[in-house]
Amino acid sequence: MISADKDGGLNLQYGTYQQVGTSDDCHPLGNLSTAATPGWEGEECDRQILSSEYSKYRDEAGSSNPRPFSLCEISRDKKVLLLMMAICNFCAAANFSILGPFFPEEANKKGTSQTVVGLIFGVFELISFLVSPIFGNYMTKIGTKFLFVAGVSVSGVCTILFGVLIYSPGGYQFILLSFLCRSLEALASAAFITASYAILTDAFPKHIATVVGYLELFTGVGMMVGPAIGGGLYSLTGYGLPFYVLGGALTAAGAISFFFLPTLDSAHRTLSVSVLQLLKSSFVWCVAGCIVSGSYTISYMEATLANHLHKLGIGTVPVSLMFLIPPALYGITSPIWGWISDSKNYVVSLVVAGALLASIFFFTLGPSPIFPFLPFSLWLVSVSLAGVGIFLSCLMIPSFTAILVGAERLGMEDNLETFGIVSGLFNSCYSFGAFIGPISGSALVDAAGFGWGSTVCAGLLILSGLVLLVFVTVNRNKFGKVKTLLPAQRKFSFRRGRGSADTEMSSGFVDKEETEMCSL
């Protein structure tokens, strides 16, 4: 039930909802901890407030008191889900990271220029940027579990095909086959990443950022060990073996997930919403800008950092070790930021702080010509890389939750369809930044140098962070004015508050706490 306290606050219990007033004292955005409500200026709405699955429970006193995330408290199905997601993320990251060390050399032997090789790499992010919102929009029509399993399996097969490309004739035939394999891999990767975020959101509604943080840890480990595993296999038999082994492992993970993942969809929805409705939110646009800025800076470093580090006079091995600093700290700190976001309910605060603090370390990474007193030294570059990894994690991990909050404030329903749309938009924004980062960043470095390139990265982070901060501050007193996009809503908002007969879409995940709540 939901009851209103004497100040007009929202007390949410057991997953039903009704319209009540709000006050700054009880609203979670009172300390910038959740998202702003976009596009509601001047609109007074007395409609029902849809409380989503990722909303926090409130006790009788109206205070947020979510139960801490614990593997011991979740059901066996959810443990299996986390294990399969972790394995698939690890294998996918390892597969992605082995292409860089080995493919360019073989492509050059086939008569492919370095420019074309760059386009082969870049088409991955371009395709992902274009198709992720489509997958998110039609995920429940296609089937969430099918989209995940097929995406993982096809991605593994494409990695194997990259190993087979060594037997292809050179020239345009090799180029066309490379573009085809890379495009198919991008489609598959966008499918399973979009589905995975939506599945996790539905299965862990109160611990979204924490779970995403743990998976980012496995992704970071995969990115780090992938080149090492690939290098060892490459030294044994040559080009093909790394792709066969790691691609086969990812394909096997996809096949295993088909048999072990619980059923995710009980029915296909007839009511359709669109990513265009989500883009009506000004707040979502602000968060999207932060995501694009974050992924832009990450991909900028991947394309330009090596040559910058060589100017320090260090060898290839130290350069390789320094390359590991940002992803290692990004992965290690991801669960920490996720826990803070979920347990303390700081979402927007972390996104803004991550953007602004990461910008400081991009200024020192160059170092920026704006600050000529900064030395170009090994210790400062090392500290800068550490700060970039830590605070980009602070920016990226809560940003998915922030978009979910924007969807909730628009009145979008808390089901897999909405989660798929949010996941598709998040992946699309990340891919867009990752696509333009290497292209524009490399051109900027060639024209003005690494120092100015890192300064531009810092400027983008500051701009996106300040825009989000200003938007939330300006609209702080208008967050209680909700406009519902959907003409008809479900009788119950939470899975915990409705019986199986009322369930239009069930994830199949039930833990101890949910069982107790349903019995009430």
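Residues numbered from 1 in each chain as written. Predicted model: local features only at pLDDT ≥ 70, side-chain atom pairs only at ≥ 80, totals over all residues. Heavy atoms only, no water.

> Describe in detail the overall build of the protein, supporting the description with residues and values.
The helix and strand tally for the protein stands at 16 helices and two strands. When the 520 residues of the protein are sorted by exposure, 58% land in the buried category. Within the protein, counting contacts between residues at least 6 apart in sequence, those at least 24 apart form 83% of the total. Surface accessibility of the protein: about 20,400 Å² in total, with carbon and sulfur atoms responsible for 67%. (Helix = DSSP H or I, 4+ residues; strand = E, 2+ residues; numbered from the N terminus. Buried < 20%, exposed > 50% of the residue type's maximum accessible area, 1.4 Å probe, protein only. Contact = heavy atoms within 4.5 Å. Areas by Shrake-Rupley, 256 points an atom, 1.4 Å probe, with all protein chains shown as cover.)

> An account of the packing of aromatic side chains is requested, with residue identities and associated values reported.
Taken as a whole and assessed by the stated rule, the structure comprises 13 aromatic pairs. Ring plane angle 85° and centroid distance 5.2 Å describe the contact between phenylalanine 258 and phenylalanine 259, whose orientation is recorded as edge-to-face. For phenylalanine 258, a relative accessible area of 47% translates into the label partly exposed. Members of the aromatic cluster, connected to one another through ring pairs, are Tyr197, Phe400 and Phe426. A cation over a ring is seen here: lysine 78 above phenylalanine 204, with NZ or CZ 5.2 Å from the ring centre. (Phe/Tyr/Trp six-rings, centres within 6.5 Å; stacked < 30°, edge-to-face > 60°. Lys NZ or Arg CZ within 6 Å of the ring centre and 35° of its normal.)

> Can you explain the packing of helix α12 (residues 348-365) against helix α15 (residues 450-474)? Please cite residues and give values.
One can describe the packing of α12 onto α15 by two numbers: an axis separation of 8 Å at closest approach and a directional angle of 160°. With respect to α15, the axis of α12 lies roughly antiparallel. Seen from above, α12 lies across α15 with left-handed handedness. Within the contact between the two elements, α12 uses Val348, Val351, Val352, Ala355, Leu356, Ala358, Ser359, Phe362, Phe363 and Leu365 and α15 uses Phe450, Ser454, Thr455, Cys457, Ala458, Leu461, Ile462, Gly465, Leu466, Leu468, Leu469 and Val472. (Axes fitted to C-alpha atoms, helices over the stretch in contact; angles between N-to-C directions. Parallel < 35°, antiparallel > 145°, perpendicular 65-115°, else oblique. Left-handed = near helix turned anticlockwise from the far one by under 90°.)

> I'd love a proper account of the environment of serine 168, names of residues and values included.
Among the structural elements, serine 168 can be located in the loop between α4 (144-164) and α5 (172-203). The exposure class assigned to serine 168 is buried, which follows from its relative accessible area of 8%.

> With reference to specific residues and values, describe the pattern of salt bridges.
In this structure the tally under the stated criterion is one salt bridge. Of the charged contacts, one joins arginine 182 and glutamate 185 as a salt bridge, the two residues approaching to 3.3 Å between their closest N and O atoms. Note that arginine 182 and glutamate 185 are positioned in helix α5 at a spacing of three residues, about one turn of the helix. Residue glutamate 185 is classed as buried on the basis of its relative accessible area of 5%. (Salt bridge = Lys/Arg side-chain N within 4 Å of Asp/Glu carboxyl O.)

> Break down a nonpolar patch on the surface for me, with residues and values.
A contiguous nonpolar patch, built from Val157, Leu161, Val164, Tyr167, Tyr244 and Val245 and spanning about 520 Å² of accessible area, is present on the exposed surface. Every element with two or more residues in the nonpolar patch is listed here: α4 and α7 (240-260). Relative to the elements of secondary structure, leucine 161 occurs in helix α4. Judged by its relative accessible area of 36%, leucine 161 is partly exposed. (Patch = residues over 30% accessible without salt bridge, like charges linked within 9 Å, V, L, I, M, F, W, Y side chains within 5 Å.)

> Outline the packing of α5 against helix α14 (residues 416-448), supporting the account with residue identities and numerical values.
The contact between α5 and α14 brings their axes to 8 Å, and the two run at 130°. With respect to α14, the element α5 is oriented oblique. Taken as a pair, α5 and α14 cross one another with a handedness that is right-handed. Of the residues in α14, those touching α5 at Ala190, Ile193, Thr194, Tyr197, Ala198, Ile199, Thr201 and Asp202 are Leu416, Phe419, Gly420, Ser423, Gly424, Phe426 and Asn427.

> Quick rundown of the nonpolar core? Include the residues and the values.
By size, the foremost hydrophobic cluster in this structure holds 99 residues, and its most contacted members are Phe148, Leu278, Phe362, Leu392, Ile403 and Leu468. A per-element tally of this core places helix α9 (residues 282-310) first, with 14 residues. Once residues within four sequence positions are removed from consideration, leucine 468 is found in contact with Phe283, Cys286, Val287, Cys290, Val348, Val351 and Val352. Residues Ala94, Ala107, Val117 and Phe243 belong to the second largest nonpolar core, which totals 17 residues. (Core = buried A, V, L, I, M, F, W, Y, C linked by side-chain atoms within 4.5 Å.)

> Residues and numbers for unusual backbone geometry, please.
Along the chain, glycine 366 connects to proline 367 via a cis peptide bond; the corresponding omega equals -10°. Note on placement: proline 367 falls in the loop between α12 and α13 (378-409). Although it is not a glycine, asparagine 345 adopts a positive phi angle of roughly 65°. With respect to the secondary-structure elements, asparagine 345 resides in the loop between α11 (325-343) and α12.

> So what about α14? Which residues, and what values?
A rise of 1.5 Å per residue sets the reference length of α14, with its 33 residues, at 48 Å; its end C-alpha atoms lie 46 Å apart and thus fit the reference within 8%. At glycine 437, α14 shows its maximal bend, which comes to roughly 30°, and the proline proline 438 appears one to four places after that position. Just beyond α14, the residue with positive phi is glycine 449, at close to 105°. (Expected span 1.5 Å × (residues − 1). Bend = angle between axes of the 7 residues up to and from the residue.)

> I'd like to hear about the environment of valine 116, residue by residue, with values.
Note that valine 116 resides in helix α3 (residues 114-142). For the pair valine 116 and isoleucine 175, spaced 59 residues apart in sequence, the C-alpha separation works out to 8.0 Å. With near-sequence residues (within four places) excluded, valine 116 lies in contact with Ile175 and Phe179.

> Tell me about the confidence of the model for the protein, residues and numbers included.
Per-residue pLDDT for the protein has a mean of 75; in total, 75% of the residues score no lower than 70. Per-element averaging of pLDDT across the protein places strand β2 (residues 10-12) at the bottom with 36 and α12 at the top with 94. The low-confidence segment residues 1-65, where pLDDT is below 50, has 196 contacts with residues more than four positions distant or belonging to other chains. This model gives residues 266-271 a pLDDT under 50, and the stretch forms 21 contacts once residues within four places in sequence are excluded. (pLDDT = per-residue confidence, 0-100.)

> Could you give an account of the side chain of serine 399, with specific residues and numbers?
With respect to the helices and strands, serine 399 occurs in helix α13. For serine 399, a relative accessible area of 0% gives the class buried. With sequence-adjacent residues up to four places away left out, serine 399 is seen in contact with Val287, Ile291, Val351 and Phe426.

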